[in-house]
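If you want the building blocks of each chain, they are given just below.
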Amino acid sequence: MAEAVANVARRINATVDEGKDSLDLSSCQLISFPEGVFKVLRTVSENIRIITLAGNQMKAISSKFFSTFTQLRELDLQGNILTKLPDQVGEMEHMTSINLANNSFSIFPEKLTEIATLERIDLEGNNITELPLEKLSTMPALKWLNVKSNPLNSSNHSALHSPYKFDILLTTD
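What counts, and at which threshold
Residues numbered from 1 in each chain as written. Predicted model: local features only at pLDDT ≥ 70, side-chain atom pairs only at ≥ 80, totals over all residues. Heavy atoms only, no water. Helix = DSSP H or I, 4+ residues; strand = E, 2+ residues; numbered from the N terminus. Rg over C-alpha atoms; globule rule 2.2 N^0.38 Å. Buried < 20%, exposed > 50% of the residue type's maximum accessible area, 1.4 Å probe, protein only. Core = buried A, V, L, I, M, F, W, Y, C linked by side-chain atoms within 4.5 Å. Contact = heavy atoms within 4.5 Å. Phe/Tyr/Trp six-rings, centres within 6.5 Å; stacked < 30°, edge-to-face > 60°. Lys NZ or Arg CZ within 6 Å of the ring centre and 35° of its normal. Pairing = 2+ DSSP bridges. Axes fitted to C-alpha atoms, helices over the stretch in contact; angles between N-to-C directions. Expected span 1.5 Å × (residues − 1). Arc of directions from axis to C-beta.

Please explain the overall build of the protein chain as it appears in this structure.
Within the protein chain, the secondary structure is distributed over five helices and seven strands. Each helix (α) and strand (β) of the protein chain, taken in turn from the N terminus, gives the series α-β-α-β-α-β-β-β-α-β-α-β. For 173 residues, the compact-globule formula gives about 16 Å, and the C-alpha radius of gyration of the protein chain, at 17 Å, lands near that figure. In terms of its C-alpha atoms, the protein chain occupies a principal-axis envelope of roughly 50 × 30 × 20 Å.

Pasting the structure below:
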């Protein structure tokens with residue numbers, strides 16, 4: 001465990017010291033976003049555009065995360081155990097890509113449909129049965145939605161074959 005903490009500290013310090021616009025905390029055995037990181041990154045949080053938290057064991061992500069990293073463009077949370085996102089995700093004015101593949105979502109995180117700049121949503125390998133197609137179709141920037149390997153109900157499956165202004169990737173039976 002101490003090694004995991006040291007690894008996280010090293011990566012955070014490199015982000016701060018080198019003035020990077022990205023933070024990679026993938027595969028760090030995190031069960032939540034470390035509270036101390038907010039303090040360490042306070043001076044550079046406005047500069048961070050990309051955060052990778054893939055391959056951890058995170059069950060939740062706090063609203064503080066989204067209110068701290070307001071300039072975030074890309075967020076990779078694939079391979080965690082997330083079931084929902086806080087409402088604050090809908091306030092992300094610059095986010096263009098979110099990867100939520102291989103988590104434990106059973107309900108589509110509808111707050112994502114409030115992000116006007118969002119172009120890519122990856123929800124492959126979750127347990128989602130329904131998609132908010134009306135809300136998705138009004139998203140101005142959406143270009144790509146991956147819902148492969150989700151148990152979508154049949155009415156959603158047939159509706160997905162209608163023409164949308166974005167690409168939908170899904171598993172066909």
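Would you explain the environment of Gly19 in this entry?
With respect to the helices and strands, the residue Gly19 is situated in the loop between helix H1 (2-17) and strand E1 (22-24). By relative accessible area, which is 52% here, Gly19 ends up exposed. C-alpha separation for the pair Gly19 and Glu110, spaced 91 residues apart in sequence, amounts to 33 Å.

Quick question: what am I supposed to make of the nonpolar core here?
In terms of nonpolar packing, the biggest core is built from 49 residues, with Phe33, Leu53, Phe65, Ile121, Leu131 and Leu136 touching the most fellow members. Excluding residues within four positions of it along the chain, Phe33 makes contact with Leu23, Leu25, Phe38, Leu53, Met58, Phe65 and Phe69.

Please clarify how the packing of aromatic side chains should be interpreted in this entry.
Each aromatic ring pair is characterised by the separation of its centres together with the angle its planes make. Overall, the coordinates contain seven aromatic pairs when judged by the stated rule. On the numbers, 5.9 Å between centres and 85° between planes, the contact of Phe33 with Phe69 is edge-to-face. Linking Phe33 in the loop between E1 and helix H2 (35-40) with Phe69 in the loop between helix H3 (63-68) and strand E3 (74-76), this pair joins segments that are 36 residues apart in sequence. This pair shows no difference in class: Phe33 is buried, exactly as Phe69 is. Here Phe65 and Phe69 contribute two aromatic rings whose centre-to-centre distance is 5.2 Å and whose plane-to-plane angle is 55°, an arrangement assigned as tilted. These aromatic residues form a ring-pair network of at least three members: Phe33, Phe38, Phe65, Phe66 and Phe69. A cation sits over an aromatic face here: Arg120 above Trp144, 4.0 Å from the ring centre.

I'm lost on the sheet that holds strand E6 (residues 144-146) in this one. Help?
The strands that make up a sheet are held in pairs by hydrogen bonds between backbone atoms, and each pair lies either parallel or antiparallel. Spatially, seven strands are ordered E1-E2-E3-E4-E5-E6-E7 in an open sheet, and the strand pairing comes out parallel. Edge strands, defined here as strands with exactly one partner in the open sheet, are E1 and strand E7 (167-169). Across the sheet, the axes of successive neighbouring strands diverge by a mean angle of 5°, strand direction being ignored.

Is there a simple way to think about H1 in this case?
Given 3.6 residues per turn, any residue in an α-helix points the same way as the ones three and four places further on. The end-to-end C-alpha distance of H1 is 22 Å, a good match for the 22 Å that 16 residues give at a rise of 1.5 Å each. For H1, the set of buried residues is Ala4, Val8, Ile12 and Thr15. Looking straight down H1, one finds that the buried residues subtend no more than 65° of arc, so they occupy a single side. Exposed side of H1, more than 90 degrees from the buried face: Ala2, Glu3, Arg10 and Asp17 are the residues found there. Turning to H1, the residues buried within the fold contact E1 and H2. The first or second residue beyond H1 is Gly19, which carries a positive phi of 60°.

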